[in-house]
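# Notes for the structure review
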Amino acid sequence: MASTTFTSEGFDLDAIPDSTNNADVIYEVGGGATVVPTPNKPKIETKTTEAENAATAKSEELKGKGNEEFKAGNYLDAYDYYTDAIEACPGMTGEELMTMKEEFEEQQREKAHARHMLEQEKRRKRSFAERQSRAAGESSTTNAEEEEEEE
């Protein structure tokens, strides 16, 4: 005999299969639930060597020392530790990281300049439209005054 009690309010969670490891559960209005399987994604295995692990540990250690010096107010020493940490980091060299940083900053400057030029053009158009409307208003006022003087 089926149980008529639910373990939660409004949803029949007991009706959901136990094997929802690779599935999303969609709770429906009215208390139903639908299980939608998600595709298995292949795991990307990265092979790290002991040398890379040691280099990463050395880099983290230098970064930690840099943080300590920074907190103590020794900014030049902190800068040196951070520089050493970047150079000790496996993968990219400090010079490559700085080149990437400079390229990113240049892109940001170009975007900011484009935004500035767009805003400047909008202001010019708005100012021109305001001058045109004022000029149209003045000419209608002038025409009305001339008509009154003629009478």
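Residues numbered from 1 in each chain as written. Predicted model: local features only at pLDDT ≥ 70, side-chain atom pairs only at ≥ 80, totals over all residues. Heavy atoms only, no water.

## A short note on the overall build of the protein chain
- In terms of helices and strands, the protein chain carries three helices and two strands.
- In the protein chain, the succession of helices and strands from N to C terminus is β-β-α-α-α.
- In the protein chain, of all internal contacts separated by at least 6 residues, the share reaching a separation of at least 24 is 13%.
- Approximately 13200 Å² of the protein chain is accessible, and the part contributed by carbon and sulfur atoms is 53%. (Helix = DSSP H or I, 4+ residues; strand = E, 2+ residues; numbered from the N terminus. Contact = heavy atoms within 4.5 Å. Areas by Shrake-Rupley, 256 points an atom, 1.4 Å probe, with all protein chains shown as cover.)

## Details of the packing of aromatic side chains
- This structure, assessed with the given rule, holds one aromatic pair.
- Judged by centre distance (5.0 Å) and plane angle (70°), the ring pair of F70 and Y75 falls under edge-to-face.
- Judged by relative accessible area, which is 45%, F70 ranks as partly exposed. (Phe/Tyr/Trp six-rings, centres within 6.5 Å; stacked < 30°, edge-to-face > 60°. Buried < 20%, exposed > 50% of the residue type's maximum accessible area, 1.4 Å probe, protein only.)

## Some details on helix α1 (residues 50-71)
- The end-to-end C-alpha separation of α1 is 31 Å, in line with the 32 Å expected for 22 residues at 1.5 Å each.
- The complete set of buried residues in α1 reads A55, S59, L62 and G66. Down the axis of α1, the buried side of the element spans an arc of 65°, and every buried residue falls inside it. Seen from the buried face of α1, the exposed residues on the opposite side, beyond 90 degrees, are E50, E68 and K71.
- Buried-residue contacts for α1 involve α2 (75-88).
- Backbone geometry just downstream of α1 places G73 in the positive-phi region, at approximately 90°. (Expected span 1.5 Å × (residues − 1). Arc of directions from axis to C-beta.)

## Comments concerning the pattern of salt bridges
- Scanning all chains against the criterion turns up six salt bridges.
- Two residues, E106 and R109, come together in a salt bridge whose shortest N-O distance is 2.9 Å. Here R109 and E106 lie together in helix α3 (residues 94-150), a separation of three residues that amounts to about one turn.
- In this structure E106 comes out as partly exposed when scored by relative accessible area, which is 34%. (Salt bridge = Lys/Arg side-chain N within 4 Å of Asp/Glu carboxyl O.)

## Here we look at the side chain of S59
- Relative to the helices and strands, S59 resides in helix α1.
- Taking the relative accessible area as the measure of exposure, S59 reaches 10% and is therefore buried.
- Within the structure, the side chain of S59 is placed 2.8 Å from the backbone oxygen of A85, a separation counted as a polar contact.
- Excluding anything up to four places from it in sequence, S59 contacts A85, A88 and C89. (Polar contact = N/O pair within 3.5 Å; in protein donor to acceptor, adjacent residues only side chain to side chain.)

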